[in-house]
Amino acid sequence: MLSESSAAIVTATLPVVRAHGEAITGCFYQRMFAAHPELLDLFNRSNQATGQQKAALAAAVVAYAEHLTGAGAAPCGPILDRIAHKHASLGITATSYPIVGRHLMAAIGEVLGDAVTAEVAAAWDEVYWLLACELIAREARLYTAAGVGEGASIWRDWRVTEVTPEATDVRSFTLVPADGGPVPGFVPGQYVSVAVDLDGGLGQQIRQYSLSGAPGADHWRITVKRVRGAGGAPDGLVSTVLHERVAVGDTLRLSPPFGEVSAVAGDGPLVLVSAGIGLTPAMSALEHLAATAPERPVVLVHADRDAAAHAHRDALPGLYAKLPHLRLKLWYEETTEDDGAATPTAEVARGRVDPELIPLSPDTHVHLCGPLPFMNQIRGGLLRRGVPVERIAYEVFGPGMLRGV
Ligand SMILES: Cc1cc2nc3c(=O)[nH]c(=O)nc-3n(C[C@H](O)[C@H](O)[C@H](O)COP(=O)(O)OP(=O)(O)OC[C@H]3O[C@@H](n4cnc5c(N)ncnc54)[C@H](O)[C@@H]3O)c2cc1C
Ligand code: HEM
């Protein structure tokens, strides 16, 4: 709980902090990286370049301050869960919070200038530490659940046993623990962080990849789309390394599985909606259901550029055979006459997914994964059709969450 005097100050200064949120977080990152260049290896450099991370951090701090002062409409729990899982997948511990707090407070002072009196600074420091304590506690619980002891590293070496081309610019990597130890379980929808060393001594970068195979197997599988730079932007740092440099027999540094979003929520009808590489959690869900709950009614709605871009398409007939109540609805921007023959079990349409045509039952649970505009469109359509908001789970393959959540 925020003290009464701080609550009044935070309420009064929230509009100005909200208005300058991204300037504050931009200044914060500059200050923090200047003082701690080693942290550049922990943060996603491309998110720094495109500004996505500073927007997510500013939105989280403002949302939490709104929650503390009663000005926020949306609950903060989902945001805190998302951040805690992401932090845990990066191995962030309580010892780093004073560094972030110090530079964030300094950035607030630098951007807002004289408006930040000692009382204002103390009130926002209180907000920061209430938020930090909630995150530290959540993260500690996640480490315990993942079997990571206090102060132990999250990273473990995994050996690549297969590299499988899945579609244009998409490859799967099959992985087993290099130490021959057990393969941890996970929930479909969870992801692992992968840490790679960049060429030319440029340090390390970490990215998250959803596990695309079934839990309970003697290996893990991730499926990675190679990100090619467009319009003068550079190629993706990590996906390019994985595609160009990683071969069978190599090892990769992986975190335990984390992620707050289950792709198999409930036990009734399930609709999995994906676009492009966003189908990786859905593939894990389908393989899991084929092994554990084959009678469950499930619809896979998938959108892609064309059949050649559709990863794991060849696995669909096999899944269809194992899941008698599976319905496959594919939307391709470009279709050819061969599409139906290659996927005889699927209904293939041309164009964009129409949420009105997604089969629903009253108790359907939905999982969405794809680009943000795609998810906003589908989620909006499903909400209009009466699907309760709490039955629509979604995963974002980048920082931040959907609007209005
Ligand atoms: C929970 C989660 C699960 C995920 N699961 C998967 C998965 O299953 N499969 C998968 O393939 N991906 C997945 N991702 C995405 C993945 O983590 C990476 O974001 C993706 O592989 C791109 O990383 P990269 O290092 O190759 O590209 P980055 O280097 O991160 O580049 C990303 C984009 O930023 C642009 N960019 C970089 N610098 C600049 C600049 N200066 N100016 C303009 N633009 C710039 C690049 O051109 C590129 O388009 C997931 C992400 C999350 C958060
Ligand atoms: C109260 C304090 C903090 C808040 C509110 C916060 C908030 C956030 C948010 C909103 C994200 C994006 C999550 C997502 O949607 O993917 C994030 C990611 C991240 N955070 Fe924090 N964070 C805090 C503390 C820390 C600390 C102490 C560290 C360690 C130095 C840290 C390092 C990171 C990193 C490395 C990422 C991933 C960034 C990226 O890959 O682009 N954070 N944090």
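Thresholds applied
- Residues numbered from 1 in each chain as written.
- Chains lettered and ligands numbered in written order.
- Predicted model: local features only at pLDDT ≥ 70, side-chain atom pairs only at ≥ 80, totals over all residues.
- Heavy atoms only, no water.
- Donors = N, O, S within 2.8 Å, 3.2 Å for Na, K, Ca; no water.
- Helix = DSSP H or I, 4+ residues; strand = E, 2+ residues; numbered from the N terminus.
- Salt bridge = Lys/Arg side-chain N within 4 Å of Asp/Glu carboxyl O.
- Pairing = 2+ DSSP bridges.
- Axes fitted to C-alpha atoms, helices over the stretch in contact; angles between N-to-C directions.
- Contact = heavy atoms within 4.5 Å.
- Buried < 20%, exposed > 50% of the residue type's maximum accessible area, 1.4 Å probe, protein only.
- Polar contact = N/O pair within 3.5 Å; in protein donor to acceptor, adjacent residues only side chain to side chain.
- Near = heavy atom within 4 Å.
- Areas by Shrake-Rupley, 256 points an atom, 1.4 Å probe, with all protein chains shown as cover.
- Nonpolar A, V, L, I, M, F, W, Y, C, P; charged D, E, K, R; others polar.
- Domains from an automatic or database assignment.
- Buried area = accessible area lost by both parts, 1.4 Å probe.

**Student:** Explain the coordination of the iron atom of ligand 2 residue by residue, including any values.
**Tutor:** Among all protein atoms, only His-87 (NE2) binds the iron atom of ligand 2, sitting 2.1 Å from it. The residue His-87 is located in helix H5 (residues 77-90) in this model.

**Student:** Can you lay out the pattern of salt bridges for me, pointing to particular residues and giving the numbers?
**Tutor:** It is possible for side chains bearing opposite charge to pair when their charged atoms get close. What the rule picks out here adds up to 15 salt bridges. The salt bridge partner of Asp-169 is Arg-228, with a shortest N-O separation of 2.8 Å. With Asp-169 in the loop between strand E1 (156-167) and strand E2 (170-177) and Arg-228 in the loop between strand E5 (220-225) and helix H8 (237-245), the pair connects residues that are 59 residues apart, well separated along the chain.

**Student:** So what about the sheet that holds strand E9 (residues 326-332)? Which residues, and what values?
**Tutor:** The six strands lie next to each other as E10-E9-E8-E7-E11-E12, forming an open sheet whose pairing is parallel. The strands lining the two open edges of the sheet, one partner per strand, are strand E10 (346-350) and strand E12 (392-395). Strand-to-strand twist of the sheet, defined as the mean angle between neighbouring strand axes without regard to direction, takes the value 15 degrees. Sheet topology note: the strand E11 (residues 365-369)/E12 ladder contains four bridges and is parallel. In the sheet register, His-367 faces E12, and the bridge partner there is Ala-393. Together, strand E7 (270-275), strand E8 (298-304), E11 and E12 form the strand contacts of helix H12 (residues 372-384), whose direction differs from that of E11 by roughly 160 degrees.

**Student:** Lay out the side chain of Ser-239 with the relevant residues and their values.
**Tutor:** Assignment of secondary structure puts Ser-239 in helix H8. According to the relative accessible area criterion, Ser-239 is buried, its value standing at 4%. Among the polar contacts listed, one links the side chain of Ser-239 to the backbone nitrogen of Val-227, at a separation of 3.0 Å. With residues up to four places along the chain from it excluded, the contact list for Ser-239 reads Tyr-209, Val-224, Lys-225, Arg-226 and Val-227.

**Student:** Account for the site of ligand 1, naming residues and giving values.
**Tutor:** In the region of ligand 1, 25 residues are neighbours, and Ser-46, Gln-208, Tyr-209, Pro-234 and Ser-239 sit closest. Leu-237 has a polar backbone atom sitting 2.8 Å from an oxygen atom of ligand 1. The side chain of Thr-280 places a nitrogen or oxygen atom 2.8 Å from an oxygen atom of ligand 1. Across the complex, the protein chains shield 81% of the 980 Å² of accessible surface that ligand 1 would expose by itself. Elements supplying a minimum of two residues to the shell around ligand 1: helix H3 (45-50), strand E4 (204-210), E5 and H8. A per-element tally of the shell around ligand 1 places E4 first, with four residues. By residue class, the composition of the shell around ligand 1 is 12 nonpolar, 10 polar and three charged.

**Student:** Go over the domain arrangement of the protein with me, naming the residues and quoting the values.
**Tutor:** Along its sequence, the protein is organised into domain 1 (4-145), domain 2 (156-254) and domain 3 (270-395). Approximately 1300 Å² of surface area, both sides summed, lies buried where domain 2 meets domain 3, with 58% of it carried by carbon and sulfur atoms. One salt bridge connects Glu-287 with Arg-221, and the closest N-O pair in it is separated by 3.8 Å. Mapped by element, the contributors of at least two residues to the side of domain 2 that touches domain 3 are E1, E2 and E5.

**Student:** I'd love a proper account of the site of ligand 2, names of residues and values included.
**Tutor:** The environment of ligand 2 is formed by 23 residues, the closest being Asn-47, Arg-82, Lys-86, His-87 and Gly-400. With respect to ligand 2, the side chain of Asn-47 contributes an N or O atom lying 2.8 Å from an oxygen atom. Those elements that place two or more of their residues in the shell around ligand 2 are helix H4 (52-69), H5, helix H6 (97-112) and helix H7 (118-145). Among the elements that take part in the shell around ligand 2, H5 stands out by supplying five residues, more than any other.

**Student:** Summarise the sheet that holds E5; cite the residues concerned and give the values.
**Tutor:** If you trace the six strands from one edge of the open sheet to the other, you get E4-E3-E6-E1-E2-E5, paired in antiparallel fashion. Edge strands, defined here as strands with exactly one partner in the open sheet, are E4 and E5. Strand-to-strand twist of the sheet, defined as the mean angle between neighbouring strand axes without regard to direction, takes the value 40 degrees.

**Student:** Provide a residue-level description of the pairing of E5, including the pertinent values.
**Tutor:** Among the six residues that make up E5, five are buried, leaving the element largely enclosed by the rest of the structure. Where E2 meets E5, six bridges bridge the pair, whose relative direction is antiparallel. Its bridge partner lying in E5, Thr-174 is registered against Arg-221.

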